[in-house]
Structure formats: structure tokens, C-alpha cells
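Residues per chain, in single letters:
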Amino acid sequence: MTMTAQSSTSEPTATQRPTYFVNAMKEGLHAAMSEDDRVVVIGEDVDRSVIGATRGLIDDFGPMRVRNTPISEATFVGACVGAAAAGLRPVVDLMVGSFFYVAMDQLADQAAKLRYMSGGQVALPIVYFAATGPSGSGAAQHSENLHPMLMNVAGLKIVMPSTPYDAKGLMISAIRDPNPVVYLQDFVLGGTKSHVPEDAYAIPLGVGDVKKPGTDVTVVAIGATVPKALRVAKALEKEGISVEVIDPRTLVPLDEDLILSSVARTGRLVVTDSARLTCSAASEIVAMVAQSGFGTLKAAPQRVAWENVPVPFSPPLEKRVLVQDDDIRRAILATLA
Amino acid sequence: MTVVDTETGRPANPTATAWPVAEQQHMLRMMIRIRRFEERLAALFKRGELPGFVHLYLGEEAVAVGVCSALRADDRITSTHRGHGHVIAKGASTDRMMAELFGRVDGYCRGKGGSMHIVDFSLGIMGTNGIVGGGIPIGTGSAWGDKHLGRDNVTVVFFGDGASNQGVFFESMNLAAIWKLPVIFVCENNGYTEWTPTEKLTAGRIVDRGSPMGIPGDLVDGNDVVAVREATDKAVARARTGQGPTLIEARTYRWHGHNEGEEAFAGAYRPQQEQDDWRGRDPIAAYGHALVQAGVITQPEWDEIDLAETAAVEASVVFAQQSPLPDPEEALDHLFATTSTGDLR
């Protein structure tokens, strides 16, 4: 099956159907498992799948390739390093992004570093995926987004799609990649729906996507903030402000050229991130543009991210901490002031 | 008269066996190789000629050699911060190890790894490890990979008494038990968790920790290479025939400190009498004498082996010193592999 990647903003074709985000992930998993029988999926309750991305795969691939693990994150995250070195291509469902913390040594010290430490002797094709970020009163231990700190662990690629179309194509690329890849499915996007081709297709890692072209301000949006940024951009259009919305889609590697060339045209930058502000991906991207594109900036770049507190439980508290449409709007206007 | 160890129920000293003469001599040789290699490192460290720090295996040689002599070349191991012995026993070149310890390009990892990250996948060496217990899940996963792919390889997970209190030890035994994985957990109990007596930090016997999960435990004298080998042979046979994991606890003693140079801060934490007693139970001397007594080797042949291994270690130091330091730009290489698989485009 061969298809070229196309923009998610293109018109639906005959082979496309409205598809939920988690089902698009599942289609990617299914395609990769059909392509290569060394691909195995493990994790807690992956046979029935709480979030849904692995639901039903066991019917087509059986219990040895869709295998439930004990609740031992550190061990099954680390076991994939040995299994990958032995020749498997493991895909791990961590279920909830916060649970990466339990497995941090095996993820950050072992999986991410073994290839480098060995002088490039081994390739470790592993995908670690999870539903991540706030889900609506998930409270502090089920709402974390670890992409900022994982960006700082050299040796992990990081994927964070914002549309069902990207979710499928990036899942296939993540599984085919010969390196450990962390694939983060923002919780609140899991139930979103858009047109997805039935056939398999791969979206290369490290290639961002212009979700909406514009000329006045560049908004780089990550994960769950992408639909928010698009909403704000549409509203501002009516006020005569043209906003370009860029989704990097992968944070490692980061499509720096796409961001820099957009800022070179607009001269203004806002970065929205679904993570705490300090050392967020937004901070990194703003710093990158300040260093490499300073001469093209007409205004101080703005970061829009969470308050620097754990995500609280009660709805008004949670709302206060997370990124809201108005925060993005204010940041855009600040660059135009 | 055969003295029986009251705890293990085995003879307290190694004996010659009916194994081929060459094999018994080879086991003696490998223990000597480790001993001379580690002694040389101790001297190099003292003179400040090694970058970083090292944890030496002196006194524990019978464990690595007893275990690895029971393995095939395509079986795998994961190792520890005190891993030089395991790696040598699994067949690593002392030249390339020494070059790695000197941070040179001819080292196993081109100088990127050092003592605690020596890796040679072609020899089934999945790495020494800087994190206590870090290799346990990796070795368990290696066994899962082999079993899934229909191979009959086994993986040995070496770890210390300190690592037996890490969560991943219990988690990995559980996973290995429910999935019946061909993995052998080998605990080298050298009596000290860094600088604290292990008995003060560890409840019960380590060998019993697999019992609730149905994993057979075998307690052996880790200074008796024959006892270690026989226990490993049994565990390997179980693993290869699909009967699942085994836990071996080998009681031994490290002659040197947790790390070289510890005298700068550690103080006297081990009684002199205890150290003398264990040195009196030198695993190499015990095995060599048993082989001489049984006529498996002559004293001159033993001396010859020792001279040859000592010379080879000297040659490895020269090899390492003559190997170039890496180009600093190599620090930026080897982060990511580049070749994707599959035919989806």
C-alpha cells in the first residue's frame, strides 16, 4: 500500500471517512502490525483498551501480539529495550502520560541512551504512547504533559499530533522509525473527529504543518492548543488580523525551518503549549527563534502555557491554570500592539 | 574429606569434574584473565591514568566464569556497574575493553560508554549499567524477544545484593514468571550494599524472593566456580526447554571497595578478619589447586596460563594507550539511527 502524505486541511476524497482520533491511531497501529509481524503491542489492558487506541487489535493479531502486562511500568518500558535489541519492534501503551514518571529510569537512562552509549551499535525501534495532558478534572496525577522534560532527554523522538489525520500517519512513521519514539495523544483530542483516508500513509517525523495560512502573526501551537489557536485565528480574521497557525507535530525533531520561515514573513510569534510555562516547548521554540530569527522579529515573542502549578481538580481551578482561547488572543494582540 | 557448606549443602570447595580437560582449564584461564585485568585497573586508577571511576570484580571471578561458561555464544547477558568480569567471561576482548576504559576510539563504544556502559551486541553483551538494577528489565525483555521470535536463547541478568531491593527486580521476576521467560536472574551477593552490610538493608534471604512467584531459587557458593556452573547448567536447561526463569544467589565477596578510591571517604567499614577470611577462600587458587590435585592441569601449565594472561593484559594497556582519543565532533554522532523499516511510504 503506498500513499503520499497530504495536508490534513485538504478536501476529503472518496476513500476518506470521518474518523475519531483514537481510531485513527488504531488504524496506524493496525497498518504497522500488518506490515511487520515483529510489531507487538503491550501495556495494561491493551486487549480492551481504556482509551481505545488498541481496542479490537487482539481480534486480528492475537494475544501474543496484543499482550496485557502487569502494572509494572518501569519493567515493561525497560523490557522493550531488551526485546527491541533481540529483534522485536515493541509498541507500548502507557495509558496515561503521567505514568511515564514511574518508568523514568528505564525510559530516560536506558531506552534513550543505550544506542548512544554503545557508540551506535544498536537500533531500538520502540514506540511509547499514552493519552496525555488534562482530560477535565483528571487532577494533578492524571494531567501531566511530559513532552518538555522528555525533549531534554537526548535520544527520544517526540510526536504530538493534533488531528486524526496526523495521528494515523505519525503512528505509522513512529513504529517504522528505528529509534525510541514517545507518541503523546492529547486526552481532549481523543474524541475529536475528522476525515482520514482508509489507506495507510506515513507522515515523516520532523515535518510540521501549516494548519492555517496567515500573514500578520505566526502562532505555533502544540497538541490540544492547536484547535484553540485555530478558533482564535478564525475569530481574529473577522477583525482583519491574519494569523498563521503552525503545528510542529513532532517536537523532536523540530521543524525549525518551517517556524523560522513563517516568522520571517509575519515578524511576530506566539507559541502556545499544553504544559507548564517553565522550560516548556513554548520556551524552547521562542528561544530558538530569538537566537536564529531575531532580525526578523517586529515584536517580542509571546509564550502561552499553563501556570506553574500542578493541574488542580475542581473545574474553575483547572480552567484558571490551563491555556484558554482568551490567553492566546491576548498574546496575539500583544505582538501587534 | 569433603567439607559441606552448611547453608548451601554443597561441598565447600570446588572439585575437578568429568568435564573435558580443555574446558576446565579454560574456566581457570578466564578467572585469571579477569583477576589480572582488574588488578591492572586498580594500579592504573591509583596512578590517575584512568578517566572517571571503576568498580572492580576482584574476588568474585567464579560467579562470572561459572555462569558464562554455561552459556552459548548467542545467549545474552545484562550486567552491572561491577561488570568487567561478566563481559570478559562472555568473551569480550580485553584490548577493546581497556581502550574503552581509556576513552579511546578502539574501545567497544568508541569511548562513549566507559566502565559502566561496555556493550558488544555481537557477543550478546547488552551492557554493563550505571543504574543499580537497571539491566534487570532489559534482560527480561531480551528473553521475551527471543521467546516471541521462537528462538531457544537464554538471557542471564546479573545484579547485586543491593539491586535485589529495587522494585524492578520483583516486577521483572513477576513478568518472567507469568510469561515463562528464558531468563536467569543471577544475584551476586558480595555482602555489602555500597558501604552498608546487606543484612542490615535486606529482609530475608534473596534466594527466597522468587519462591512466592514459583521461581526456583538456588543458593550457591559464589567462590566455587563448579558450584556456580552446575547451578547455571540446571537453570539454562530449564530456560531452554520452556520451563521459565530461575533465581540463583551466589554468595561471594569483593576484595576491593565499592569503587576504587573509596578510602578517601568510606572509612573502615569491613572487619579486617572478614576480609582476610574471604581472601583465604580465593576462588582461583581453590579451583587451580583442585585441578592440579586431580591431574587436570600441572602447576607449570597453570603458571604458564597466568604468565600469558598477565602479558595479554599488559598488551591491552599498550593497545589502549596507542589508540587515538576520539575526535571531539564524534560526541554528536550515534544519537539516532537513520534507517527506517517497512514498505509503507
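Residues numbered from 1 in each chain as written. Chains lettered and ligands numbered in written order. Predicted model: local features only at pLDDT ≥ 70, side-chain atom pairs only at ≥ 80, totals over all residues.

### With respect to the overall build of chain A
Counting its regular elements, chain A contains 12 helices and 14 strands. Projected onto the principal axes, the alpha-carbon positions of chain A cover approximately 60 × 45 × 45 Å. Within chain A, buried positions represent 57% of all 337 residues. Pairs at least 24 apart in sequence give 80% of the contacts found in chain A among residues at least 6 apart. (Helix = DSSP H or I, 4+ residues; strand = E, 2+ residues; numbered from the N terminus. Buried ≥ 20, exposed ≤ 12 C-beta atoms within 10 Å, placed from the backbone. Contact = placed C-beta atoms within 7 Å.)

### Quick notes on the overall build of chain B
Broken down by element type, chain B carries 10 helices and seven strands. Against the 2.2 N^0.38 benchmark of 20 Å for 345 residues, chain B shows a C-alpha radius of gyration of 20 Å, consistent with a compact globule. Across its three principal axes, chain B shows a C-alpha extent of roughly 70 × 50 × 45 Å. Expressed as a percentage of its 345 residues, the buried residues of chain B come to 53%. (Rg over C-alpha atoms; globule rule 2.2 N^0.38 Å.)

### Focus: the interface of chain A and chain B
Contacts between the two partners involve 44 residues from chain A and, on the opposite side, 40 residues from chain B. Sorting the residues of the side of chain A that touches chain B by element identifies α1 (21–35), α3 (73–86), α4 (104–111), α5 (114–117) and α7 (164–176) of chain A as the ones contributing at least two each. The leading source of residues in the side of chain A that touches chain B is α3 of chain A, at 10 residues. Tallied by class, residues from the side of chain A that touches chain B come to 23 nonpolar, 14 polar and seven charged. (Nonpolar A, V, L, I, M, F, W, Y, C, P; charged D, E, K, R; others polar.)

### With respect to the pairing of strand β10 (residues 217–221) of chain A
Side chains on a regular strand alternate between the two faces of the sheet. Residues and elements named next belong to chain A. Taken across its five residues, β10 has five buried, putting it largely inside the fold. Every second residue of β10 is oriented toward a common face, with V217, V219 and A221 on one face and T218 and V220 on the other, all of them buried. Taken together, the four bridges between β10 and strand β11 (residues 243–247) define a ladder with parallel strand orientation. Residue V219 lies in a different strand from β11, and its bridge partner there is V245. In terms of handedness, the path from β10 via helix α8 (residues 225–237) over to β11 forms a crossover that is right-handed. (Pairing = 2+ DSSP bridges. Right-handed = clockwise from strand over helix to strand, strands pointing away.)

### Re the packing of α3 of chain A against helix α6 (residues 167–178) of chain B
As a packed pair, α3 of chain A and α6 of chain B sit with axes 8 Å apart at the nearest point and diverge in direction by 70°. Comparing their axes, α6 of chain B and α3 of chain A come out roughly perpendicular. Helix-helix and strand crossings are classified by hand; for α3 of chain A and α6 of chain B the assignment is right-handed. Between α3 of chain A and α6 of chain B, the contacting residues are A74, T75, G78 and A79 of chain A on the first element and G167, V168, E171, S172 and L175 of chain B on the second. Partitioned by chemical class, the residues of the contact of α3 of chain A with α6 of chain B number four nonpolar, four polar and one charged. (Axes fitted to C-alpha atoms, helices over the stretch in contact; angles between N-to-C directions. Parallel < 35°, antiparallel > 145°, perpendicular 65-115°, else oblique. Left-handed = near helix turned anticlockwise from the far one by under 90°.)

### Quick word on the pairing of strand β2 (residues 39–43) of chain A
Residue and element names in this part refer to chain A. Among the five residues of β2, five are classified as buried, and the element is accordingly described as predominantly covered. As paired elements, β2 and strand β4 (residues 89–96) share five bridges and run parallel to each other. If you follow I42 over to β4, its bridge partner there is V92. Sheet topology note: the β2/strand β3 (residues 66–68) ladder contains three bridges and is parallel. Each bridged residue has a counterpart across the sheet, and for V41 the counterpart in β3 is V66.

### Let's talk about the confidence of the model for chain B
Within chain B, residue pLDDT values average 95, and 95% of them lie at 70 or more. If you check the scores for this complex, the pTM reads 0.95 and the ipTM reads 0.94. (pLDDT = per-residue confidence, 0-100.)

### Notes on the sheet that holds strand β12 (residues 250–252) of chain A
Residue and element names in this part refer to chain A. Strand order in the open sheet formed by seven strands is β3-β2-β4-β5-β7-β6-β12, with mixed pairing between adjacent strands. The sheet terminates laterally at β3 and β12, the two strands that pair on one side only. Neighbour to neighbour, the strand axes of the sheet diverge by 20° on average, direction disregarded. Relative to β12, strand β6 (residues 157–159) runs antiparallel, the two being bridged by two bridges. Counterpart to I158 in the pairing with β12 is V252.

### Things to note about helix α9 (residues 283–293) of chain B
Residue and element names in this part refer to chain B. Residues P283, I284, A286, Y287, G288, A290 and L291 constitute the buried set of α9. Contacts from the buried residues of α9 go to α1 (21–46), α2 (61–68), α7 (225–240) and α10 (299–322). Looking one or two residues past α9, G295 carries a phi angle of roughly 80°, positive in sign.

### Thoughts on the sheet that holds strand β14 (residues 302–306) of chain A
Residues and elements named next belong to chain A. The mixed open sheet is built from five strands, whose spatial order is β9-β11-β10-β13-β14. A single partner strand is all that each edge strand has here, and the edge strands are β9 (209–212) and β14. Taken over all neighbouring pairs, the strand axes of this sheet differ in orientation by 25° on average, direction set aside. Pairing of β10 with strand β13 (residues 269–276) involves four bridges; the strand directions are parallel.

### Section: helix α9 (residues 256–266) of chain A
All names here are of chain A. Buried within α9 we find L258, I259, S262, V263 and T266. The buried residues of α9 occupy an angular sector of 125° when projected down its axis, which confines them to one face. Among the residues trailing α9, G267 stands out with phi positive, at a value near 75°. (Arc of directions from axis to C-beta.)

### Some remarks on unusual backbone geometry
Residues and elements named next belong to chain A. Residue V252 is joined to P253 through a cis peptide bond whose omega torsion reads -5°. With respect to the helices, strands and loops of the structure, P253 is situated in the loop between β12 and α9. In this structure, D45 takes a positive phi of about 55° despite not being glycine. In this structure, D45 sits in the loop between β2 and α2 (57–61). Under the C-beta neighbour-count criterion, D45 is labelled partly exposed, with 15 such atoms within 10 Å.

### Structural notes on the environment of D109 of chain A
Its place among the elements puts D109 of chain A in helix α4. When the 18 C-beta atoms within 10 Å are taken as the criterion, D109 of chain A is described as partly exposed. As a C-alpha pair, D109 of chain A and G78 of chain A span 31 residues in sequence and 9.8 Å in three-dimensional space. Not counting residues within four places of it along the chain, the set of residues in contact with D109 of chain A comprises I131 and G134 of chain B.

### Brief notes about the environment of V102 of chain A
Residue and element names in this part refer to chain A. Structurally, V102 is set in the loop between β4 and α4. Considering only alpha carbons, one finds V102 and V77, 25 residues apart in sequence, at a separation of 9.7 Å. Beyond its immediate stretch of four places on either side in the chain, V102 contacts E73 and A74.

### Description of the packing of α9 of chain A against helix α10 (residues 281–292) of chain A
Residue and element names in this part refer to chain A. Taken N-terminus to C-terminus, the directions of α9 and α10 make an angle of 60°; their axes are 11 Å apart at the nearest point. For α9 against α10, the interelement crossing comes out right-handed. Within the contact between the two elements, α9 uses E256, I259, L260 and V263 and α10 uses I285, M288, V289 and S292.

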